[in-house]
Each structure stands twice: as structure tokens, then as C-alpha cells.
Amino acid sequence: MMEYAWLVPLFPALAFPVIVFVTRRLRLLSALVGIAAIAASFVVSVGILVEVLQAGVTMEQPVEKALNWLAIPGPEGWLLKIEAGILLDPLTAVMLVVVTLVALLVEIYSVGYMHGDPGFSVFFSYLSLFSASMLGLVVANNFFMMFFFWELVGLCSYLLIGFYFHKPEAARASLKAFVTNRVADFGFMLGFFFLFLMFGTFNFRELAEAVPHAENLGLLALAAALVFIGPIGKSAQFPLHVWLPDAMEGPTPVSALIHAATMVAAGVYLLARAFVLFAGLPSVMLIIAYVGGFTALFAATIGVVQRDIKRILAYSTISQLGYMVMAMGVGSMTAGMFHLTTHAFFKALLFLGAGSVIHALNEQDIFRMGGLARDMKITAGTFIIGALALAGIPPLAGFWSKDEILLAAYSHGYTGLYLLGTVVAFLTAFYMFRLIFVAFFGPRRAGLHGHESPWTMTVPLLVLAVLSVVSGFMGAPFVAHGFSSWVYFGEPHHVEPNYVVMFTSTAVAILGIYLAWFIYGREAVSHEALSRRWQGVYRLVYNKYYVDEAYLWFFRRVVLGLAEAFNWHDRNVVDRIFDGVGDLVRWSGRRLRYLQTGHLPVYGLVLFAAVVVLVIWAAAPVIGGIR
Amino acid sequence: MSFPLLTSILLAPVIGLILILIIPEREQLLIKITAAVATFVALALSVYAYVAYDQQLGGMQFLEDRVWVPAFGINYSLGVDGISLPMVLLTAIVIFTGVFASWDMTNRIKEFFIFLLMLVTGVFGVFMTRDLFFFYLFFEVAVIPMYLLIGIWGSTRKEYAAMKLTLYLLVGSAFALIGIIALFLYASNQLGYLTFDIQTLATVEYDIGFQKFIFFLMLVGFGVLVPIWPLHLWSPDGHVAAPTAVSMLHAGVLMKLGAYGLIRVGVFFFPEGAKFWAPLIAVLCIVNVVYGAMIAMVQRDLKFVIGYSSVSHMGYVLLGIAALNTLSLSGAVTQMFAHGIMTALFFALVGNIYHKAHTREIARFGGLAHQMPKVAAGFLIGGLASLGLPGLHNFVAEFLIFLGAFTSDQVLWGGLLSYRVLAVLAISGIVITATYVLRVVQKTFFGPRKAEWDVLEDARGVELVPIVVLCSVLLLFGLFPSLMVDLINTGVAPLVAKIEAAKAVGGIF
């Protein structure tokens, strides 16, 4: 199957124009085209994964195929060679399967969720374009191609966040997402420009060979740090996380696919793909680890006080992405990618579950829900499985992958980050089960009744629920040739289980769930009283630490202020000067006009005077007057 | 004698112009069809030339030579290379789509199309001639009709804008003329005979002092047209006042005449002079990029936004010229083409909206995507091209320019500033551009449906021609950039060879 890898992004790429130009008016056919394309990609991806693992393609010896996309000849060899190429190794193969599988399930789900939406076909065309771009990003064999598709997934994100463009909030959110990511991409681009400057190539494999021999480590660290800005934007790390919660304005399947499972994970994927660049630079690794760790904690605290079901999940996503980035930073690419994989399944499940609730109630505030478990058995059941997986309760998927990260932090000597990660695990369990106890149990607070969603929506939920249970086993410590022997950096190492770490993380998760039940299930303490008691802190956290307000102030006052100043300067200084030159010409013309009086005597006089002057001037040497 | 391909391209609009002269004013449709056919012929021949050009061979091709004024060595000689051929294609595409964008005009359209075709003849001529005398002649032919086109058919302060534009451009071309005469005299002295042949004139060894002086004249003369900051103000005002097709040609093609002149006459003749003045260009173009984009952010009129965006985007072209290496120059020429197409698309769309809504004030719009989904889609594609989204042609151009400038090791003021830093500043322009472009998209097309604009009809029929053609071109060369960049390289390579062979000259800064 490996020789057909180029088909994986191609299928959905073809589905996009077909839907736009051919089947747009035939709604169901559009959906079918989109689903068929991604299903085909999924089949090929699975084939690739099997073959990659069987054929023993390793991280050190990837399979690469490339064509020249843009090449500029120089005096010796190519001055610039940009390839359209495919790089296949276990990392690629795993990511391909994750992306195509989640995309397939989300597209099936969307048939039910988007039913009756006037933009039904357009929605499927965008999803196809997104899948194509995302898969292109995954298979890319060089920085340029990755950046190319990196931008395209950003475009799809923009289009899909603003899918309900009639809503001003959606339009604003899409703009915010794009511009925030642009800031990050600016850094990313500079980063790989510096790499090009040092090594003259964008190709990952060639860079991997050249980087260890780099002489100027300072410059290399600068390049690596700049490249890392890309993931800070795309994977919504602090301080560029602000776009992701707002991105929830998009339709919920989009939140599941793009803003939880795949696109936002692209930043983590980039870190894994270019791991060799970072691994040799302890200073940069430290930055990565702490940015990730801080983001994980920061976002989790905000998630604790949100009321909107999707926003809770959004902050949870930011927090979990922080985990993955932290894993990369502490040096365990395996753990980061493992968590990316399991997270893709259970977070997609949670978002689709939330979508099912929203579909039924048309309400997103969890405090206006309640008792949903009675009306929506499948949704509630699968949602709870997803939440347990996210909270890290054994033996569900999240337990194994989160443990791997904590263990990596612990065993690599990052005790602070390990403790921080444990606190996050507690918070995660707490905010998820706060959501569950409030929304799915207890009384119907606003009298809203749910109803179960159609099979197109529940089947993907069930499939994802199964994956949320079992997908962790592939990386569990007792599995001999599991995830860590596929995706690794350097040497594949089998991690010995550390029962202290395992026990602690499980204990704090259970504690979190218990506390959530205590406050929101049993209602032993009034959560309103609590928030009144800690009003200052509550306000600060509920308002997301006022980061958005700070950015808005900066944009409105500083950026727009400067722009207005430039505009004024252009109109009142530059323009005045040049118009002034014109006016000067006109003015002097008006003055000089008086020389042309039309009076012959005056002309005669001037003529005579001129002759006199000339004669004197000519005669001066002869007469010997003026020297 | 082979088929005179380039003369045919040049004559297609001229014949159209003559035919329109004899068609009565009331036959409006016939006039438009004649213009469309004439420009289509030019387009078809240009596409043929583009495809038939032999890249292996490179250099000037499709040569034609006629002796014109033997006493002064003036020849009617045509030819295109990897730099001029994309410009010819650009001109053909923009004028062809521009005719369709003017389909709704009713006021004195006979004269309108006559001047329009005259203008475009001049532009074609500049890009195809190999004779410096004709170069200047065609240059003036392209500038003069602009005055009438804006003054008569324009809007918003049209007389002021037309006069402003004409004065700026004429003063600029006066500088260029002095430079051309001086270099003609200098070269004739050296050669011992009179010639205006560009290729021959370029072989002359010009004294460095002379080069520095004349390149400065060229920089001012052609720089006004690019436009280089602070000589740019004719362009936003001119854009805003001009009727749709004229805006398209004006921003799409006319600005490229400046950059083309700067490359063909400036850098090609005076590589040492170019090296001397390049740091000045590099610094000024950053002002273009950043300052222009910032000002675009606070404009209230759609056309002003695009006008200032052109100032900003042409700054990238100047950066490409200033860095004087293969990547950057290839990028500059690519950007000239890509920006021409993109800005023509913008003006076609804004013209479409303005024609129906009679306003261009952004604040009055909102939710137009409900009434005009196709226009909105076109505008979004143009916007994405403008902010440098991969997959569209502008990205390729900007990427090459950025990389070219970034990899240049030249420093300014003894290391206080370097091209690398300037490149970083230029790249920051992509953030500002994304902000203002998408803000305009959001304010104009997104948001709730406004009943006030339910009268607006979406683009349909001939109105779709410019949108579809221009978007397709952006996509085609964006997805398969080697279709154009390979060609451009054949033109840039000899230029770079000449620059590299030139003596090392310290920059002005």
C-alpha cells in the first residue's frame, strides 16, 4: 500500500471540487462523495500502517518519495529545491489512521447533525478540503510542504468556524483564529528560513542528518525556538491559546474533528516530526516543556468554572494539548504522540456527544440542562466513557497515555512538571465530572427534555467509545511490541511500569470525581456559595485571566492607533508636501505671469538692459575692469 | 519570414480601436463585442507565445526587426524574454477581463473603449520592445490616456485625482527621459555610433559615477510608477477615482511598468548603480509594506483599502529588486504577475458591488454574502491571495522574495541593519495583511442579512468572466508555480549573471 500513499490526501482533495461544482444541489450525494472519499483514504491508511509495521519501516529508515514542485537552478546544483513529497514512517502511518478514522466518523455523524442546514453540501466540501490538507500535512516530507498545508488547514478552520457567517460572533471568531495563527506562522516561517540559511534545505531527512553536525548552536536554538512558535499557535498554547475557545462558534462536528482531534494536534505532530531539531537543544526543550506544562494547568483552571459545554471541552483540549507539548519538552516523543492518539478518540467522542446534546436541546449552558442521562442513554453512556478516559481512570485509553507523560516527566527528572501534571489530572477529572453531574444527572433545571439522536450520530459515538476504551492498550506497559516500539526518537525503549505514578494519578482522578459529585451531584456544598466566597479568584478565572481583554486593548489602542496615525501622516504630511510642490509651481506661475505684461516699451527696456550687461561682460577682459 | 506574433498582439487592440472608431455610438453592444474580441485575440496570441516560448533556449524570442529612423539608430524591434513574457500575458488577461468588467458602462462608451485600447497598446509595447526609443514612446502612450479615462469616467474627486496622477507620472517620466537621453549619448560616445538597441546599450561599460547618477534618475522616474514611498500618493487617489476597468489596468499593469522599467533599464544597464542604491530601495520598500498595510487597515472605502494594499504589495516587488539575487528577482517578477491578477480581481469585484450599491463605504455594508455569494467567494479568494495563502500564486512570489532577501548577507550602515532584518520586517507584513483583509471580508460580507441590500443581485453572466478567469489563474500558478517561475528564471539568470559580474560597490547606506 505504501506506493499508493499519495492517494490518501488525493481522495478528499478530489471530493472538494466534485462537491462544489457537481453535486452541490444534491445534498445527500454530496455527503456520500465526502464520506466515500475519506473512507477510501482510511482503507489505504490502514493498509499503510499494517505494511509499515510489517515491513519494518522504522523512524530511522523511512520511505520517501518526492517530485520537484518548484526548483530554481543555481551555479552549482539547485539554488532552491522545493519538493512535493511523501515521508512514510510509523509516525506518519499512525497519524494517517487517526486522522482518517476520526474524519470518517465525524463525516458520518455530520449527516445527522447538519441535516436540514442550508449549507449542508458546502459543509461537506469544506470537511473534504480540510481532510485533504490535514493528510497532506501529515505526509509532508519537508518544512515547506508542511507549512503549505499548515496554512490550508488554517484556512479550513477559518471557513468552518465562520460557517454560520450570519452570526457576528462566528465571523469575529473566525477572524480571530486566523490572525492569531498568522502571528504564530510568522515565527514558524522565520524558523525554517533560518534552517534553510544554515543547511540549504527544507527536507526533514536531510535536516535530520545535518542538524547533529551544526556548528552554530545559538543560531540553531533560535531557529528551533522560532519553529516552536508555530505549534504555540496551532496547538493553542499559552499565550496564543485565545482563538480556540472562540472557535467553538463553528458547528460541533468541526469542533470535534478540527479543534479537538486533528488540526490542533498538528503542532504536536510538527514537534514530533522535527524532534531531532529540538532534542539536541536543552534550552529549547526546557521552554517547550514549561510552555506545555503551564498551558495544561492554566487552561484546566479556566475549564473548572466555564458554563458552556463546548467551552469546557475547549479548555480541556488546550489543557490536554499542553500535556502533549510538555511530553515533547521532557523528551518523550512517544508519550506525546501516544496521548495525541488516544486524545483524538476520546475528545472527538466528547465533542460529538456534546453535539448530540446541543442537537437535542439547542442549549449549551450546562446549568440549564440536567437529567439528560434518562432521555439520551447512548449519548450519556458514551459521554461518560469519554470523560472517564479523559480523567485517566484505568483501564481506559487516557489512563495509559497520560501515565506515560507523567512517567516521562518523573523519570527524566522534571519533578516540578510531574507534580503540576498530577494537579492537572485532578482538575481534569473534576471539571469533566462537574459537567456530567450537572448536565446528565439531577433535575431538569430549565425543563428541557432531550431525545436521542438518529443512528448516523449514535453509531460514531459508539465506535469512538469503544476506541476510547481499547486504544490505550496498544501502548500499555504490558504490551510487548506496542506503541513505543513504533513511534520513538533515538532508541525504542520499553518503559517499565511505575506503580507509584500509576497509583497517584488514579487516586487524584478519583478524588476529582468524588469532589465533583460532592459539590454538584450530592450538592453537599452550594457551588454558588463557593464562587461567592472566592469571588475575586472566581472572576479572574471565569474571565480567562483577562488575556483576551489585554489583546483587544492592544489591538484597538496600539495597532489601530498607530494605523490611524500613519493614515493622518500620509494625508496631512506626505500628501501636503507633494501637493505643496504643485501649489508652489502654480503660485510662482501666477507671480511670473507679471513679467509678460505685453507692453513693448518694457520689453525694449529689458532687452536694452540685457545688451548692456552682456557688452560689459564681454568687454571686461579687454578693458581690464572686473577680474 | 515567420508569423509576426508580437506585432499581432500589439495590433489586435489597435485594430479593435480603429473598428470602434467607425462603429456608431448607439451600437453599444457591438462596441463592447469588438473590444472583447480584440482583447481576446491578444490574449489567445499571448497564451500561444507563452506556451511556445523555448525555455531551453532562453533569451529574447519571437524577434522582429524593422529599421525605423536609421539616422538615430532607432529600430522597431520586438522580442520577449522570461521577464517580459509573463508581463505580456498579465496585460492580456487583465485587459480581457477588464472589458467584461466594463460591460455595464453606458456613458460615452465609444471613447472609453478607444482610450482603453490605446492605453493597453502602449503597455504591450513597453513590454515587447527591444528599442529604448520605442520603450519611452510606448511608456507615454500608456500614461496619457489614463488622464482622460479617470477625468471623464471616474468618480470621487476625479479631476483632482486625474491631474494628480498625470503630474506624478509625467514628472517621473521626465526623470526617466533625462536618464535615457544621457545614457544614449554616453553609449553612443563609447560605441562610436548611434543606437537605441537595448541589448547593445547594455553591453557598454558605464562609468560608476555615471551609473550612480543615472540609476537615481531611473529610480525616481520608474519608482513613482511602482509606486515607491513617499511617491505613492497618486496611486490610492487614482485607484479610487478610476472606473473599474481602468483601476484594474492601473493597479494590475501600469504599476508593473515601473517595476519592469526599473529592472530592464535600471538594473540591467547599471548593475553597479543598482548596487549603490539598493539599500535605499530596501529601506523605503519596508515603509511601503508596513506603512501601506497599516493604513489599509483603517480605510473606510473599499477601493482605498485595495489602493493602499497595492502600495504595500508592490513594496515586496521592490524588496525583491533591492536584494538583487536570483531568488528575490524571480520572486519580484512573479509578484508583479500575481499582484496584477489579484488586484484586478479585487477591482472587478468592488466595481461590481459599487455599480449596484452606489457606495463603497465598508461601514454601510455587512452580510453581503447572503445576497452576493459569488462575489463574496471571489473577494475571499482575492483576499486569501493577498495575504499569501499557499495554493494561490501570490504565496509563491512572496515566499521567493522573502527567502531571497532573507538569505542575502548584505548589511547596511556597517552592520547596524541587514537585509535579513529588513526581510523579517517585510514578512511581518503577512500578519498585518491578514488582519486588514479579513477584517474587510468580515465587515463587508459576513454578519446578519441586511434588508437594505436585498436589491443587490449576485454576479451573473458576463460579470462572472473576470471573477472566474482571474481566480483560475491565481489557482493554476499557485498550485503549479513552476509553470511560471521556470520561465521567469530564464529571464532572471542573465540579469543575475550581470549583477554578479559587476564590480563590488558599497551601498549608499
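Trainee: Sorry if this is basic, but what is going on with the overall build of chain B here?
Mentor: For chain B, the helix and strand inventory stands at 19 helices and four strands. The C-alpha atoms of chain B give a radius of gyration of 22 Å, which matches the 23 Å a tight globule of 509 residues would have. Seen through its principal axes, chain B has C-alpha atoms that stretch 70 × 60 × 45 Å. Residue burial in chain B is summarised as follows: out of 509 residues, 69% are buried. If you sum the accessible surface of chain B, you get close to 15500 Å²; carbon and sulfur atoms cover 68% of it. The distance from the centre of the 27 positive side-chain charges to the centre of the 27 negative ones in chain B is 7 Å.

Trainee: How should I be thinking about the overall build of chain A in this particular structure?
Mentor: If you tally the helices and strands in chain A, you get 25 helices and two strands. In terms of overall dimensions, chain A has C-alpha extents of about 120 × 60 × 55 Å along its principal axes. The 627 residues of chain A split such that 57% are buried. Restricting to contacts in chain A with at least 6 residues of sequence separation, those with at least 24 account for 79%. Treating the 37 positive side-chain charges of chain A as one cloud and the 35 negative ones as another, the clouds have centres 13 Å apart.

Trainee: Is there a simple way to think about the pairing of strand S1 (residues 61-69) of chain B in this case?
Mentor: Within a regular strand, side chains alternate between the sheet's two faces. Residues and elements named next belong to chain B. As judged from the six bridges shared by S1 and strand S2 (residues 74-80), these two strands associate in the antiparallel manner. Counted as the bridge partner of Gln-61 is Val-80 from S2. Count of turn residues in the S1/S2 antiparallel hairpin: four residues, of which Gly-73 carries a positive phi of about 70°.

Trainee: Explain a nonpolar patch on the surface to me, please; I cannot follow it from the model alone.
Mentor: A contiguous nonpolar patch, built from Met1(A), Tyr4(A), Trp6(A), Leu10(A), Leu14(A) and Val43(A) and spanning about 570 Å² of accessible area, is present on the exposed surface. Of the residues examined, Leu10(A) reaches a relative accessible area of 33% and is grouped as partly exposed.

Trainee: Help me understand a positive patch on the surface, please; the structure alone is not making it clear to me.
Mentor: Together, Arg586(A), Arg590(A), Arg591(A) and Arg593(A) give the surface a local cluster of positive charge. Inspection of the secondary structure assignment puts Arg593(A) in the loop between helix H24 (547-592) and helix H25 (600-623).

Trainee: I tried to follow the environment of Phe210(B) on my own but got confused; where do I start?
Mentor: Residue and element names in this part refer to chain B. Looking at the secondary structure, you find Phe-210 in helix H8 (residues 208-225). When its relative accessible area of 16% is taken as the criterion, Phe-210 is described as buried. In sequence terms Phe-210 and Tyr-186 are 24 residues apart; their C-alpha atoms lie 9.0 Å from each other. Those residues within four positions of Phe-210 in sequence are excluded, and the remaining contacts are Ala-182, Leu-183, Tyr-186 and Phe-270.

Trainee: When you look at unusual backbone geometry in this model, what are you seeing that I'm missing?
Mentor: Excluding glycine, most residues fall at negative phi; most peptide bonds, likewise, are trans. Cis geometry is found at the peptide bond from Phe238(A) to Pro239(A), where omega equals 5°. With respect to the element layout, Pro239(A) can be found in the loop between helix H8 (217-234) and helix H9 (243-246). The omega torsion across Val226(B) and Pro227(B) is 0°, close enough to zero to call that bond cis. Here Pro227(B) shows up in the loop between H8 and helix H9 (234-241).

Trainee: What is the right way to look at the packing of aromatic side chains in this model?
Mentor: Think of a pair of aromatic rings as described by two things: how far the centres are apart, and how the planes are tilted against each other in angle. All names here are of chain B. All told, the structure shown has 89 aromatic pairs over all chains when counted by the stated rule. Measuring from centroid to centroid gives 4.3 Å for Tyr-186 and Phe-210, while their planes differ by 20°, and the two rings are stacked. Of this pair, Tyr-186 sits in helix H6 (residues 158-191) while Phe-210 sits in helix H8; the two residues are 24 residues apart in sequence, bridging distant segments of the chain. Summarising the aromatic geometry, the rings of Tyr-206 and Phe-270 are spaced 5.1 Å apart at their centres and angled 65° between planes, so their arrangement reads as edge-to-face. With Tyr-206 in the loop between helix H7 (198-203) and H8 and Phe-270 in the loop between helix H10 (244-269) and helix H11 (271-297), this residue pair connects regions lying 64 residues apart in the sequence. Assessed through its relative accessible area of 3%, Tyr-206 is described here as buried. In this structure Phe-270 comes out as buried when scored by relative accessible area, which is 0%. The side chain of Lys-212 reaches across the aromatic face of Phe-276, ending 4.5 Å from its centre. Looking at Arg-360, its charged tip hangs above the ring of Tyr-354, at a distance of 4.4 Å from the centre.

Trainee: Please explain the interface of chain B and chain A as it appears in this structure.
Mentor: Accessible area lost on assembly of the parts is the figure often given for the size of an interface. Facing the 61 residues of chain B at the interface are 50 residues of chain A. Carbon and sulfur atoms supply 77% of the area buried between chain B and chain A, which totals about 4900 Å² over both sides. On inspection of chain B and its partner chain A, the count reaches three salt bridges. Taking the shortest distance from any N to any O, the salt bridge between Glu564(A) and Arg300(B) comes out at 3.7 Å. For the pair chain B and chain A, the number of links is 13 residue pairs in polar contact (both at pLDDT 80 or more).

Trainee: Honestly, the packing of helix H14 (residues 309-329) of chain A against helix H19 (residues 415-440) of chain A in this entry has me stumped. Any pointers?
Mentor: Residues and elements named next belong to chain A. H19 packs onto H14 with a crossing angle of 160° between their chain directions and a minimal axis gap of 11 Å. The angle between H14 and H19 falls in the class roughly antiparallel. Here H14 and H19 pass one another in a crossing that is left-handed. Taken together, the residues of H19 that come into contact with H14 (itself represented by Ile-309, Ile-312, Leu-313, Ser-316, Ser-319, Gln-320, Tyr-323 and Met-326) are Leu-417, Gly-421, Val-424, Ala-425, Thr-428, Tyr-431, Met-432, Arg-434 and Leu-435. Here the contact of H14 with H19 is composed, by residue class, of eleven nonpolar, five polar and one charged.

Trainee: I keep staring at the pattern of salt bridges and nothing clicks. Help me out?
Mentor: Oppositely charged side chains are able to pair whenever their charged atoms sit close together. Residue and element names in this part refer to chain B. Scanning all chains against the criterion turns up 27 salt bridges over all chains. The residue Lys-503 makes a salt bridge to Glu-272 at a minimum N-O spacing of 3.9 Å. Placement of the pair is Lys-503 in the segment after helix H19 (482-501) and Glu-272 in helix H11, with a sequence separation of 231 residues. Residue Lys-503 is classed as partly exposed on the basis of its relative accessible area of 44%. Given the relative accessible area of 7%, Glu-272 is considered buried.

Trainee: Any chance you could explain the pairing of strand S2 (residues 78-88) of chain A here in plain terms?
Mentor: Residue and element names in this part refer to chain A. Summarising the sheet, strand S1 (residues 63-73) and S2 pair through ten bridges and their orientation is antiparallel. Within S2, the position partnered with Val-63 by the bridge is Leu-88. The turn linking S1 back onto S2 is made up of four residues, and Gly-77 within it adopts a positive phi angle of 70°.

Trainee: Where do I start with the environment of Thr343(B) in this structure?
Mentor: Residue and element names in this part refer to chain B. Here Thr-343 is to be found in helix H13 (residues 326-357). We classify Thr-343 as buried; its relative accessible area is 0%. The spatial distance from the C-alpha of Thr-343 to the C-alpha of Leu-63 is 31 Å, given a sequence separation of 280 residues. With residues near it in sequence (within four places) discarded, Thr-343 still touches Ala-251, Gly-252, Ile-306 and Ser-310.

Trainee: Teacher, can you tell me more about the environment of Phe446(B) here?
Mentor: With respect to the secondary-structure elements, Phe446(B) resides in the loop between helix H17 (419-445) and helix H18 (464-479). Filtering out sequence-adjacent residues up to four positions away, Phe446(B) remains in contact with Tyr158(A), Phe165(A), Ala171(A), Gly366(B), Gly367(B) and Val441(B).

Trainee: So what exactly am I meant to see when it comes to the nonpolar core here?
Mentor: General note: in soluble globular proteins, nonpolar side chains tend to be found buried as a group. All names here are of chain A. Counting 455 residues, the largest nonpolar core has Phe-143, Phe-278 and Met-337 as its most contacted members. Take this core: its biggest share by element is 18 residues, from helix H15 (residues 333-361). Look past the residues within four positions of Phe-278 in its chain and what remains in contact with it is Ala-224, Val-227, Phe-228, Leu-271, Val-284, Met-285 and Ile-288.

Trainee: Before we go on, may I ask you to explain helix H16 (residues 393-407) of chain B in this structure?
Mentor: Owing to its 3.6 residues per turn, the α-helix aligns residues three or four sequence positions apart on the same side. Compared with an ideal rise of 1.5 Å per residue, which puts 15 residues at 21 Å, H16(B) spans 22 Å between its outermost C-alpha atoms and is within 8% of the ideal. Most of H16(B) sits inside the fold, with 14 of its 15 residues counted as buried.

Trainee: Explain the layout of surface pockets to me, please; I cannot follow it from the model alone.
Mentor: Where empty space is left becomes clear once a probe the size of a water molecule has been rolled over the atoms. Size it by volume and the second largest pocket reaches roughly 1200 Å³. As for the second largest pocket, its lining consists of 33 residues, and the residues nearest its centre are Lys176(A), Val179(A), Tyr551(A), Leu552(A) and Phe555(A). Residue assignment for the lining of the second largest pocket shows that the elements contributing at least two residues are helix H6 (168-199) and H24 of chain A together with H11 and H17 of chain B. Residue contributions to the lining of the second largest pocket peak at eleven residues, all from H24(A).

Trainee: When you look at the packing of helix H17 (residues 377-391) of chain A against H19(A) in this model, what are you seeing that I'm missing?
Mentor: For any two helices packed against each other, the geometry comes down to the angle between their axes and how far apart the axes lie. Residue and element names in this part refer to chain A. Direction vectors running N to C along H17 and H19 enclose 165°, while the axes themselves pass 9 Å from each other. One way to sum up the angle between H17 and H19 is to call them roughly antiparallel. The two elements H17 and H19 meet at a crossing, and its hand is left-handed. For the pair formed by H17 and H19, the contact residues are Ala-380, Phe-383, Ile-384, Ala-387, Leu-388, Leu-390 and Ala-391 on the first element and Thr-428, Ala-429, Met-432, Phe-433, Leu-435, Ile-436 and Phe-440 on the second.

About the cut-offs
- Residues numbered from 1 in each chain as written.
- Chains lettered and ligands numbered in written order.
- Predicted model: local features only at pLDDT ≥ 70, side-chain atom pairs only at ≥ 80, totals over all residues.
- Heavy atoms only, no water.
- Helix = DSSP H or I, 4+ residues; strand = E, 2+ residues; numbered from the N terminus.
- Rg over C-alpha atoms; globule rule 2.2 N^0.38 Å.
- Buried < 20%, exposed > 50% of the residue type's maximum accessible area, 1.4 Å probe, protein only.
- Areas by Shrake-Rupley, 256 points an atom, 1.4 Å probe, with all protein chains shown as cover.
- Lys, Arg positive; Asp, Glu negative; His and termini not counted.
- Charge placed at Lys NZ, Arg CZ, Asp CG, Glu CD.
- Contact = heavy atoms within 4.5 Å.
- Pairing = 2+ DSSP bridges.
- Patch = residues over 30% accessible without salt bridge, like charges linked within 9 Å, V, L, I, M, F, W, Y side chains within 5 Å.
- Salt bridge = Lys/Arg side-chain N within 4 Å of Asp/Glu carboxyl O.
- Phe/Tyr/Trp six-rings, centres within 6.5 Å; stacked < 30°, edge-to-face > 60°.
- Lys NZ or Arg CZ within 6 Å of the ring centre and 35° of its normal.
- Buried area = accessible area lost by both parts, 1.4 Å probe.
- Polar contact = N/O pair within 3.5 Å; in protein donor to acceptor, adjacent residues only side chain to side chain.
- Axes fitted to C-alpha atoms, helices over the stretch in contact; angles between N-to-C directions.
- Parallel < 35°, antiparallel > 145°, perpendicular 65-115°, else oblique.
- Left-handed = near helix turned anticlockwise from the far one by under 90°.
- Nonpolar A, V, L, I, M, F, W, Y, C, P; charged D, E, K, R; others polar.
- Core = buried A, V, L, I, M, F, W, Y, C linked by side-chain atoms within 4.5 Å.
- Expected span 1.5 Å × (residues − 1).
- 1 Å grid on protein atoms, 1.4 Å probe; cavity = no way out; pocket = protein on both sides within 12 Å on 5 of 7 lines; lining within 4 Å.
- Points joined across faces, edges and corners; volume = space filled by probe spheres on them.

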